[in-house]
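# Structure at a glance
This is what each chain is made of:
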Amino acid sequence: VSYDRAEFSYAFGPVFTISGIRVLEKNGTESFAAADRLKFKIALIPLLYKKIVIAEIELDNPRVALFRYPSGLYNFSDLLEGPDEGHSLEIKDVVVKSGRVSFTDRGFKDTEIITILEGIDLHASDLRKGSASRIELKAVAVQEDNRANLSLSGMIGVAGEPEPFAKSSLNARVRVENLSGDPFW
């Protein structure tokens, strides 16, 4: 992990801003994730009870490169391994501006399929385990020459303790325009 600049300020609680953040793959040469700016505000009162609550996290122009290898493993599979340390972290609001996720799938069939989500604007509010949270998402999916507009609006029911995040639910309206299924057939 590297970054260009880090700042601390105090406006109704501690605010940390990290500019030019980069996270490399395990091999240390290829980019896994990057963002022009990461800003997060920490809620004060929960600190008195030894709890960390991030009141808001903002990402400007984040970029993530995901891969699925022929083995079925992902380039982030190692991050999901290991025991749960039992740390309690709560994130209230998440805002993503102009994000980009590229997904290279080498495990679906004999050829490589590349799907890119760009122009990702996301707002998720009041994210807490065991509760319903509002989520709004807009993006453009790019597959070869095809561009599809995507939007999602609704509620995500974040799984409570001790359930894994995969047990979460989503009740949302999804709108898709011009999506092609050709690369998958």
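Notes on the structure in this doc start here. (Residues numbered from 1 in each chain as written. Predicted model: local features only at pLDDT ≥ 70, side-chain atom pairs only at ≥ 80, totals over all residues. Heavy atoms only, no water.)

## Considerations on the pairing of strand 8 (residues 132-143)
Alignment of strand 7 (residues 113-125) against strand 8, held across 8 bridges, turns out to be antiparallel. Bridging across to strand 8, D121 finds its partner in K138. Counting the residues between successive antiparallel strands, the hairpin from strand 7 to strand 8 contains 6 residues, one of them, D126, with a positive phi of roughly 55°. In the sheet, strand 8 pairs with strand 9 (residues 146-157) via 12 bridges, with the strands oriented antiparallel. Note on strand 9: the bridge partner recorded for L137 is L152. Between the antiparallel neighbours strand 8 and strand 9 lie 2 residues, among them E144 with a positive phi of about 50°. (Pairing = 2+ DSSP bridges. Helix = DSSP H or I, 4+ residues; strand = E, 2+ residues; numbered from the N terminus.)

## Thoughts on the pairing of strand 6 (residues 89-105)
Inspection of the sheet shows strand 4 (residues 52-60) paired to strand 6 by 8 bridges, in the parallel sense. When the bridges of strand 6 are listed, I57 appears paired with V94. In the sheet, strand 5 (residues 63-68) pairs with strand 6 via 6 bridges, with the strands oriented parallel. Bridged to R68 within strand 6 is D105. Where strand 6 and strand 7 come together, 10 bridges link them in antiparallel fashion. If you follow F103 over to strand 7, its bridge partner there is T115.

## What to know about the pattern of salt bridges
Applying the stated criterion to the full structure yields 15 salt bridges. In this structure, K41 engages E56 in a salt bridge whose closest nitrogen and oxygen atoms are separated by 3.5 Å. With K41 in strand 3 (residues 31-42) and E56 in strand 4, this residue pair connects regions lying 15 residues apart in the sequence. The exposure class of K41 is partly exposed, given its relative accessible area of 30%. A salt bridge links E118 to R147, with the shortest nitrogen-to-oxygen separation between them at 2.8 Å. Of this pair, E118 sits in strand 7 while R147 sits in strand 9, and the two are 29 residues apart along the sequence. On the accessibility criterion, R147 (48% relative accessible area) is partly exposed. Through salt bridges that share partners, R37, E58, D60 and K97 make up one connected network. (Salt bridge = Lys/Arg side-chain N within 4 Å of Asp/Glu carboxyl O. Buried < 20%, exposed > 50% of the residue type's maximum accessible area, 1.4 Å probe, protein only.)

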